[in-house]
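Given next are the chains, with one letter for each unit.
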Amino acid sequence: MSGLANAKRIVVKIGSSLLTDPLTGTARAPRFVLIAEQIAKFRRAGCEVALVSSGAVSLGRRALGLPAGVLSLEQKQAAAAAGQLRLVETWREAFDPHAVVLAQALVTWEDTESRRRWLNARGTLNALLACGALPVINENDTVATEELRFGDNDRLAARVAAMLDADTLVLLSDVAGLCTADPSRDVSAQLIERIEAITPEIEALAGGTGAAGTGSGGMRSKIEAARIASQAGCRTVIAAGDVEAPLTRLMKPGGASWFDARVERPKARAAFIQGALSPQGALVLDEGAAKAVAQGRNLLPAGVTAVRGGFQRGDAVRLIAPDGTLIGKGLVAYDAQDASRILGAKSGEIEARLGYRRGAALVHAGDMVLEGR
C-alpha cells in the first residue's frame, strides 16, 4: 500500500461538516483555501483530480432563511438551488490563486443508472479532465426525488470514481477513519488502517447511519462507498479533513483507513463488459479490422462490413470475424442507425455523414473484451 504517492486519477469527496459552520450556516472559507492548495499541488504533480463537494443545502438554508431542524424535500431542493451558487463561487475564489479552471457538474442517481446518461456524464467529465479543468461535482438535489437520490455524497463519489476509472477515492471526513469502536464513546477505540475486504464484521463497526461522522451519510455510507469503488477496481481511503494538510499526509500509508480494491481496474471493466451486459447486436468486421482489434487497436467504421441488431449507444455488441466466428464483445459508441450510416467510412467522413462526430472509433479498444483473453 503506497498511499497517494503513485495515484494518477483521484476523486476527492468533502463533507458539509468540513465546509460549513453548523451554527451560522456560512462557509468555512479557510478550509476551502486549504483544500484548494492541496488539490492544486497534486495537479501540478501530474495527478488528475475530480472534486465531489457537499455543502449546498447548508449554505442555501441560511440564504433563504429556512428554519432549523428537518427540512421537507421541497425545502431541501430550494436550499440546494440557492446554496449551489454560493458553494461553487467559494470554491472558485479558493482556486483562483492557482489558476485552476473549475467546471460545475450536477449528477443524479439516474445519471449513473441509465447507460446512455452514464456515458454522457463520463464523456463530459473525461473531456473536462483532458482540458485541464477541475470538475466540481454535487448531487442535483433540485430535481432528484426522494426515491431517486443518493442521499449522501459518499456513494455519489464512489459512482463518479467508477465512472472515471479513478485509482483512488478519498473521503475526507470529520473523523480519522474506521475504528474498532465509536471513538466518541470508547476512549480505547483504535484506528483500523487497512481493510482488505468488507466483511460483516467491518460493516458492524460502522454502526448506525450517523455514527462516527456528523454528515448526512456517516460511517455506514462511507463503507458502502468503499464497496462500490472496490468492485470497480478503485481503492478508498477515509481520512480526517480537518487537519493542516489532509491530502499531503496521505502520500504515505498510516493515520487513515485504506480499503483495498477487490480487483484490478482493467479486470473489473472486462468483467463488467463480459458478464454484466447482454449483447444487443453485432458488428461484422473485415479481415484488416479483425487483425487490428486482435492487436488491441480501436475498431473504426472503415473496417465494419455489416451492422446487425437494434442497439443503442453504449450497448454491448458482438464483434464478428469475416468467417462468422466471435472475436469478442465491446461497448459501441454509436447507435445502430448511425453505425449503419457510417459503415465503411473513413474517420474524416463521419461528421459529413451524420452532421456530428462523437469520435473516430465505433468501439474503443478500452471498451472491448476479446475471446480467450
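Placed above this text is the structure.
Definitions and limits used
- Every chain is numbered independently, its residues counted from 1 as its sequence is written.
- Totals for whole chains, interfaces and linings use every residue, but because this is a predicted model, local features are given only for residues with pLDDT of at least 70 and side-chain atom pairs only at 80 or more, for both listing and counting.
- Excluded from the side-chain calculations are hydrogens and water; all other atoms, namely the structure's heavy atoms, are used.
- Salt bridges are defined as contacts in which a side-chain nitrogen from Lys or Arg sits within 4 Å of a carboxyl oxygen from Asp or Glu.
- Where helices and strands are cited, they refer to DSSP runs of H or I of at least four residues and of E of at least two residues respectively, numbered from the N terminus.
- Remark: exposure states derive from per-residue accessible area (1.4 Å probe, protein chains only) relative to the maximum for the residue type, with buried under 20%, exposed over 50%, and partly exposed in between.
- Residue contacts follow a heavy-atom distance rule, with two residues in contact if any of their heavy atoms lie within 4.5 Å.
- Pairing between strands is defined by DSSP: at least two bridges between the two strands are required.

**Student:** For this particular structure, what's the right way to read the pattern of salt bridges?
**Tutor:** Charged atoms that come close allow side chains of opposite charge to pair. The full count for this structure, using the stated rule, is 12 salt bridges. When the shortest N-O distance is used, the salt bridge between lysine 222 and aspartate 154 registers 3.3 Å. Here lysine 222, found in helix H9 (residues 218-231), pairs with aspartate 154, found in helix H7 (residues 153-163); they are 68 residues apart in sequence, far enough to count as distant. Its relative accessible area of 1% is what places aspartate 154 among the buried residues. The partner of arginine 227 in a salt bridge is glutamate 203, and the shortest N-O contact between them spans 2.1 Å. You can see arginine 227 sitting in helix H9 and its partner glutamate 203 sitting in helix H8 (residues 200-205), a full 24 residues away along the chain. According to the relative accessible area criterion, arginine 227 is partly exposed, its value standing at 22%. Here the residues in one salt-bridge network are Lys13, Asp154 and Lys222, joined through shared partners.

**Student:** For this particular structure, what's the right way to read the environment of leucine 119?
**Tutor:** Its place among the elements puts leucine 119 in helix H6 (residues 115-130). Given a relative accessible area of 8%, leucine 119 falls into the buried group. Separated by 44 residues in sequence, leucine 119 and methionine 163 place their C-alpha atoms 8.5 Å apart. Look past the residues within four positions of leucine 119 in its chain and what remains in contact with it is Arg313 and Gly314.

**Student:** Help me out: how do you make sense of the pairing of strand S7 (residues 235-240) in this one?
**Tutor:** Two faces, one strand: in a regular strand the side chains alternate between the faces of the sheet. Extensive coverage of S7 is indicated by the burial of six of its six residues. Burial along S7 is two-sided: the residues Arg235, Val237 and Ala239 and Thr236, Ile238 and Ala240 are all buried. Here strand S5 (residues 168-173) runs beside S7; their pairing, made up of six bridges, is parallel. Looking across to S7, one finds that leucine 172 is bridged to alanine 239. Here S7 runs beside strand S8 (residues 257-259); their pairing, made up of three bridges, is antiparallel. Note on S8: the bridge partner recorded for isoleucine 238 is serine 257.

Everything listed is a geometric property; what it means functionally is a separate question.
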